[in-house]
Amino acid sequence: MKFMKLGSRPDTFYTTEAVRSVSSEVSSDLIIQVKGSRYMLHKFPLLSKCMRLQRICSESPETLQPQIIQLPDFPGGIEAFELCAKFCYGITITLSAYNIVAVRCAAEYLQMTEDVEKGNLVYKIEVFFNSCILHGWKDSMITLQSTKAFSLWSEDLGITSRCIESIASKVLTHPSKVSLSHSHSRRVQDDMSCNGAESQRHQQTIKGWWAEDIAELSIDLYWRTMIGIKSGGKIPSNLIGEALQVYASRWLPNISRKVKTNREATTASTSDSDSASEVTSKHRLVLESLVSLLPSEKGAVSCSFLLKLLKVANILNASSSSKMELARRVALQLEEARVSDLLIPCLSHSSDTLYDVDIVLTIFEQFMLQGQSPPTSPPRSKLGIERRRRSRSAENVDLGFQEARRSSASHSSKLKVGRIVDGYLQETAKDVNLPLSKFIAIAETIPNFSRPDHDDLYRAIDIYLKAHPELNKSERKRLCRILDCRKLSVEACMHAAQNEKLPLRVVVQVLFFEKARAAATGAKVADLPSNIKALLASHNIDPSKPPGPLSTTTSIPADDEWSNSGIKSPKSRNSRLRTKVAGEDDLDENEMNHDGMGRPSKFKAFCALPRRPKRMFNKLLSINRSGSEKN
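These numbers come from a predicted model, not from an experiment. (Residues numbered from 1 in each chain as written. Predicted model: local features only at pLDDT ≥ 70, side-chain atom pairs only at ≥ 80, totals over all residues. Heavy atoms only, no water.)

**Quick word on the confidence of the model for the protein**
- Per-residue pLDDT for the protein has a mean of 78; in total, 68% of the residues score no lower than 70.
- Note that residues 181–202 has pLDDT below 50 and, in this model, 28 contacts with residues that lie over four places away or in other chains. (pLDDT = per-residue confidence, 0-100. Contact = heavy atoms within 4.5 Å.)

See the structure below:
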């Protein structure tokens, strides 16, 4: 740390009966009162360097008694005033980063400028500040922190802005060229290897050596410093994100455990409520400032950190704009989320749900609104056009390949999000206050192709039915409409066939598809429990025989009627299989390499199948032949 000594005389100030005086053969002729303290001093040394005291004394009439001057609004208090007074007497004083702001403000208040005397205190402080303080990292940090007590004076004198510019410039500079003297910076230097090279495991730490140091700043100074760092354009967005995480862990407490006490805040005393409200306001300001500093690049901060901020924003009742911004950013990288992070406590008095389902529903909707990729493969016509373009331009080949890779990545991300949604449904389904409409709305946010199987969705439905036994038949039917029995595994089908809480129509569908699957594989369907057999027998359904088209079953009550769009004849299933194979061919063609040789075995096998255009051509040829024979 840098310091500067001014003056050469020994300290002769002393205290008598709460009055500070200076040893001198000349009697005191000036009394100065600074915030309750009295100083018995002399006019000559003070007035020769302080323009303000000169003007005050000139405006007062001459008297034989010592003149009294009151300075109630003196910046820096008695410590800064005494240093200025000792400078006037030539007594040795020491200036450093800890007291330079207070003394500089006091000297400006007393107008100790060059207009009064050459080499005055203001000039000496400015030289020391610019040549020493701003050149050191720790000195700049300490000085910037000390400006908080003199915010208006520091802003007017440019101390705050100059410190921020100095810190930002050092962050943008390689740490080897900066005088690193703070604690974290010292640890980084200790991590250097013996030969002077930086070890690989500390590379990232060295790049973000400044994060812990600036985390000690108050939020207003931190915000301005980070704006200066970001405006430089040299710091990667991931390092900016790491610095924000460090600051959040330093200033945002883990207050999620106080959810229940916040709901009972009405029982607290008035003083406690005011104090808690003040603390909440400070935390809210920190949160909203951090949200405004988040880098725009995707992946700059982890999805887990964004969800933690969203959880804190919900607890602190932050602005709706901050919540929506966090929800939008979470949606951009939702595939990285964990179900536990999405369990955000609900603090709204208008809702009795355990978790804030609305904000999570917004996240899921924002994810689907991104339009990352179409749910189906491109049409054949577009693929054909793309093939013709391949022979014309190699650049178009690269663009098409990159587009295919983006679509594939988006498809996989939606598959991951599908599993996240089903996991979230299983957790929230335990809440007895969760409305059916919200459960269904969350389940329907993702497209059908995002769920290759419906086992997790079935578990969520089963949990919801157990937690909500009051649902009537219509509501249970509405709930189970989102379930596709064709996508259930054997274990899930066996569980569903014995689940008495499911509508009867769902049990019939499960049995039908399970029998069809067993017949296709040559397996044997397990025997049903007696209660399920009795229930089916009461509706004239024999589980031992293959069921006919369910549309002809008239013995099922109207309440249990179900859509039979998913139950078709074997012929329709074969056509559906052909459609699926054709769709897979489209996907294969879309994923081909530049040379058109992607997955050739499957593609050639499919090309060997008889095609409808060939049959139509043969039919037309036979018609033409018969016509020519008649002629």
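**A short note on the pattern of salt bridges**
- Tallied over the full model, the rule gives 22 salt bridges.
- Close ionic contact of Asp-220 with Lys-148 constitutes a salt bridge, the shortest N to O distance being 2.7 Å. Within this pair, whereas Asp-220 is found in helix H12 (residues 219–232), its partner Lys-148 is found in the loop between helix H6 (137–146) and helix H7 (151–157), the two being separated by 72 residues in sequence.
- By relative accessible area, which is 45% here, Lys-148 ends up partly exposed.
- Glu-155 is the salt-bridge partner of Arg-224, the closest N and O atoms lying 2.5 Å from each other. Separated by 69 residues along the polypeptide, Arg-224 in helix H12 and Glu-155 in helix H7 bring together distant segments of the chain.
- Residue Arg-224 is classed as partly exposed on the basis of its relative accessible area, which comes to 30%.
- When salt bridges with common partners are traced through the structure, they connect Asp-11, Arg-20, Glu-82 and Lys-86 into a single cluster. (Salt bridge = Lys/Arg side-chain N within 4 Å of Asp/Glu carboxyl O. Helix = DSSP H or I, 4+ residues; strand = E, 2+ residues; numbered from the N terminus. Buried < 20%, exposed > 50% of the residue type's maximum accessible area, 1.4 Å probe, protein only.)

**What about the packing of aromatic side chains?**
- One pass over the full model with this rule turns up eleven aromatic pairs.
- With a centroid separation of 4.8 Å and 35° between ring planes, the pair formed by Phe-439 and Tyr-464 is classed as tilted. Residue Phe-439 is found in helix H22 (residues 436–443), and its partner Tyr-464 is found in helix H23 (residues 455–467); the two are separated by 25 residues along the sequence. Per residue, the accessibility class of Phe-439 equals that of Tyr-464, and both read buried.
- Site record: aromatic cluster; members linked through ring pairs are Tyr-39, Phe-74, Phe-81, Tyr-109 and Trp-153.
- Directly above the aromatic system of Tyr-109 lies the positively charged group of Arg-52, at a separation of 4.0 Å from the ring centroid.
- Directly above the aromatic system of Phe-13 lies the positively charged group of Lys-86, at a separation of 5.7 Å from the ring centroid. (Phe/Tyr/Trp six-rings, centres within 6.5 Å; stacked < 30°, edge-to-face > 60°. Lys NZ or Arg CZ within 6 Å of the ring centre and 35° of its normal.)

**So, the sheet that holds strand E3 (residues 19–22)**
- Pairing is mixed across the open sheet formed by five strands, whose spatial order is E2-E3-E5-E4-E6. Looking at which strands have only one partner, the edges of the open sheet turn out to be strand E2 (13–16) and strand E6 (67–70). Between one strand and the next, the sheet's axes are offset by a mean angle of 25°, whatever the strand orientation.
- Across four bridges, E2 lies against E3 in antiparallel orientation. Pairing of Phe-13 across the sheet is with Val-22, part of E3.
- Along the sheet face, helix H2 (residues 51–59) touches strand E4 (30–34) and E6 and points at about 125° away from the line of E6.
- Sheet strands in contact with helix H3 (residues 77–89) are E2, E3, E4 and strand E5 (37–41), and its direction is about 5° off that of E5. (Pairing = 2+ DSSP bridges. Axes fitted to C-alpha atoms, helices over the stretch in contact; angles between N-to-C directions.)

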